[in-house]
Amino acid sequence: MSRRAGPIGAAFCPGCGAALDDPAAFVQEFWVGADRHFLCWCVRCELLCTVVIAAQLVSHEPEH
Amino acid sequence: MLSVEKNRRLTQVGPGTPMGELLRRYWWPIATHDMATRVPVKRKLLGENLVLYRDGSGTVGLLAEQCPHRRAALWLGCTEQEGLRCGYHGWRFDAEGNCLEQPGEPADSTFKDRIKATAYPVQELGGLIFAYLGPSPAPELPRYDLFVWDDAWRDIGHAELPCNFLQIMENSVDPYHVEWLHGRYGTFLRELGGKDTPLPVVTKKHVKVAFEVFEHGILKRRVLEGHTEEDEDWKVGHPLVFPHMLRVGAAGLATFQIRVPMDDENTWHVWYQTYRPEGGAPPQPEIPVYEVPLYDEKGEWLRDYVDGQDIVAWVTQGAVADRSKEHLGKSDLGVMLLRKLYAEQIDRVEDGEDPLCTFREPHDVIDLPMEKDKFGSAVEFRQLWTRESSIRYSPIKDEIFALFGDPVPSWV
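Cut-off values and rules
- Residues numbered from 1 in each chain as written.
- Chains lettered and ligands numbered in written order.
- Predicted model: local features only at pLDDT ≥ 70, side-chain atom pairs only at ≥ 80, totals over all residues.
- Heavy atoms only, no water.
- Pairing = 2+ DSSP bridges.
- Helix = DSSP H or I, 4+ residues; strand = E, 2+ residues; numbered from the N terminus.
- Axes fitted to C-alpha atoms, helices over the stretch in contact; angles between N-to-C directions.
- Core = buried A, V, L, I, M, F, W, Y, C linked by side-chain atoms within 4.5 Å.
- Buried < 20%, exposed > 50% of the residue type's maximum accessible area, 1.4 Å probe, protein only.
- Domains from an automatic or database assignment.
- Contact = heavy atoms within 4.5 Å.
- Buried area = accessible area lost by both parts, 1.4 Å probe.
- Salt bridge = Lys/Arg side-chain N within 4 Å of Asp/Glu carboxyl O.
- Polar contact = N/O pair within 3.5 Å; in protein donor to acceptor, adjacent residues only side chain to side chain.

Visitor: Just to check I follow, could you spell out the sheet that holds strand β1 (residues 27-32) of chain B for this structure?
Guide: Residue and element names in this part refer to chain B. Judged by pairing direction, the sheet is antiparallel, and its three strands sit side by side in the order β1-β10-β9 without closing on themselves. Lying at the two open borders of the sheet, with one neighbouring strand each, are β1 and β9 (122-125). Taking the axes of each pair of neighbouring strands and ignoring which way they run, one obtains an average angle of 35° across the sheet. Where β9 lies against strand β10 (residues 128-132), four bridges are found, and the strand directions are antiparallel. Bridging across to β10, leucine 125 finds its partner in leucine 128.

Visitor: Looking at this model, I keep getting lost on the sheet that holds strand β3 (residues 48-54) of chain B. Mind explaining?
Guide: Across a sheet, paired strands are connected by hydrogen bonds in the backbone, their directions being either parallel or antiparallel. Residue and element names in this part refer to chain B. Spatially, three strands are ordered β2-β3-β4 in an open sheet, and the strand pairing comes out antiparallel. Each of the sheet's edge strands pairs with one partner strand only, and the pair in question is β2 (41-45) and β4 (60-64). Strand-to-strand twist across the sheet, computed as the mean angle between neighbouring axes with direction ignored, equals 35°. Relative to β4, β3 runs antiparallel, the two sharing five bridges.

Visitor: I tried to follow the nonpolar core on my own but got confused; where do I start?
Guide: The tendency in soluble globular proteins is for nonpolar side chains to be buried as a group. Residue and element names in this part refer to chain B. Of all hydrophobic cores here, the largest spans 75 residues; its most connected members are Tyr144, Phe147, Phe256 and Tyr342. Here this core gathers at least three residues from each of two domains, domain 1 (31-132) and domain 2 (145-404). With residues up to four places along the chain from it excluded, the contact list for tyrosine 144 reads Val241, Met245, Phe256, Cys357, Phe359, Ile366 and Leu368. Core analysis: the second largest hydrophobic core is formed by 24 residues, Leu253, Val306, Phe375 and Ile396 among them.

Visitor: Looking at this structure, how should I read the interface of chain A and chain B?
Guide: How large an interface is tends to be reported as the accessible area lost when its parts come together. In this complex, chain A contributes 19 residues to the contact, which on the side of chain B involves 17 residues. Of the roughly 1600 Å² buried at the junction of chain A and chain B (both faces included), carbon and sulfur atoms supply 64%. Looking only at chain A, the three residues that lose the most surface to chain B are Phe26, Gln28 and Trp41 of chain A, adding up to 32% of its buried area. Where chain A packs against chain B, one counts zero salt bridges. Counting every contact that joins chain A to chain B gives eight residue pairs in polar contact (both at pLDDT 80 or more).

These figures capture arrangement, not role.
Below is the structure:
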């Protein structure tokens, strides 16, 4: 399986780098508008986080 | 979307499966008190076929269905003063599975001492019989408040639902469904039936919901339209009791919805109600038990009341909901949190630890939080719930109305 954001979305734990396709890890896709989110729980470091695959990066420059 | 593999991991409950091993760390209702009699009955729990009986001495036993001798079903058996005798060749077993007698064998044979039926411990509490199918030592049977109050009336409804337990549990952390499934759809059915007044209470819109993992499971909070964070729906909330119950109610009316996985595709649903008006209820001689019907006279799913609507939603998700084809949004965060909690607790068990809500110390009572003024008003909620939940099938429904003395609402 590709390690890019595919069917399982987030392939590695952002905290410790463990593979999230470990059967015991938890990866749940959900949507917020056009953005694809993955709620991830790493079985190795127990980090709970959300990985966002954003349709568009929106930012702004502070006043300068 | 959840991967097919992770969906399987969360929904398979048989022996040797990750979820099955987690769920075996808990005591489960296996029957209502009236089912354990001298007539052995077939029960199913966590994919295991079982036989429940009460022998002549009053001991309740729970054995694997097949006799260790020639594998005939032990529900084809007779209860004796002590134990259950297989109907096929008369082998007799006690509640620990010991073989007490093998009538066809030579009188001096010691064969019976080497035979053991699979037996599981059982305990009676609050009108239910609980069984433990996990490894020894068994934890304490949790004495949740509703099971032990001595100044409450109770009744118990039950039904076997043809779907996996997880989709039923997920409903308990899905507050938005209330205003749609019960509020809008329920009102739509009333409109079709010629009633032009919407149901009260359940039609209120959700402004804000929150979920918090705590010592008993997940605490659910909500703010409804016109309400504030000072209301008890937010300040107190009510819990999903891990791994298998929802606590719901309002002042004086407190209930458990207990989801018992029979196997991967069937769930025994128990609606356990307590009625405890201010000052307590008079003594109740026996806890009434009733079956909750699923179909109307035309064979259609009953859905003209709250629990019926829930049942149809759960069952139509499929025998095991295919979560690889779902599309969750931000309003499904409670569902996601519950799935993650199961995954985390499965991992705990695989690491040899006790999972959440395992009690090792003897205790008198476990008090659970629950709002008194639910959806803004205890009286309005009681008026609704005693008429529009499975309580409408209770044989003591009229006595319950009289016990609380709430006025008959105008929408009836």
